[in-house]
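# Coordinates in review
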Amino acid sequence: AYQKSGQASQAAASGDIATAMAQYEEAIALDPDDDQIKFWFLLTVADEHDQLEQVEPLFRDLFKKNSMWVECLQRYAEARPLKTEGLLEKLIALGA
């Protein structure tokens, strides 16, 4: 699952969001309970590529499943501010 997640991140880094999403779905199919893969991939797509609309429903599901990820997001953003202006607030609202 982590290898496929890495491939998804590489595809996202190259700007190929469609391929990244397909590889992400494969990674999740391999380990559907690994929320860490979900969180970091979704954050990469939303922040690094300003594609929140692509991953918003997935963020909602993740935050609904475990609100700890909202806290993780806030702590991460304190240590390393997000690149996309206003994204932190939008993501926190998804978890409310």
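Here is a short report on the structure shown in this document. Because the structure is predicted, anything quoted here is derived from the model rather than measured.

Rules used in this analysis
- Residues numbered from 1 in each chain as written.
- Predicted model: local features only at pLDDT ≥ 70, side-chain atom pairs only at ≥ 80, totals over all residues.
- Heavy atoms only, no water.
- Helix = DSSP H or I, 4+ residues; strand = E, 2+ residues; numbered from the N terminus.
- Buried < 20%, exposed > 50% of the residue type's maximum accessible area, 1.4 Å probe, protein only.
- Contact = heavy atoms within 4.5 Å.
- Axes fitted to C-alpha atoms, helices over the stretch in contact; angles between N-to-C directions.
- Parallel < 35°, antiparallel > 145°, perpendicular 65-115°, else oblique.
- Left-handed = near helix turned anticlockwise from the far one by under 90°.
- Nonpolar A, V, L, I, M, F, W, Y, C, P; charged D, E, K, R; others polar.

So, on to the side chain of Ser-5. Assignment of secondary structure puts Ser-5 in helix 1 (residues 2-13). Note on Ser-5: relative accessible area 12%, which makes it buried. Sequence-distant contacts of Ser-5, defined by excluding residues within four places in its chain, comprise Ala-27 and Ile-37.

Moving on, we get to the packing of helix 3 (residues 35-48) against helix 5 (residues 68-79). Contact geometry for helix 3 and helix 5: axes closest at 12 Å, N-to-C directions at 45 degrees. When the axes of helix 3 and helix 5 are compared, the pair comes out oblique. The two elements helix 3 and helix 5 cross, and the hand of that crossing is right-handed. Of the residues in helix 5, those touching helix 3 at Asp-35, Gln-36, Phe-39, Trp-40 and Leu-43 are Trp-69, Cys-72, Leu-73 and Tyr-76. A class-by-class count of the residues in the contact of helix 3 with helix 5 yields seven nonpolar, one polar and one charged.

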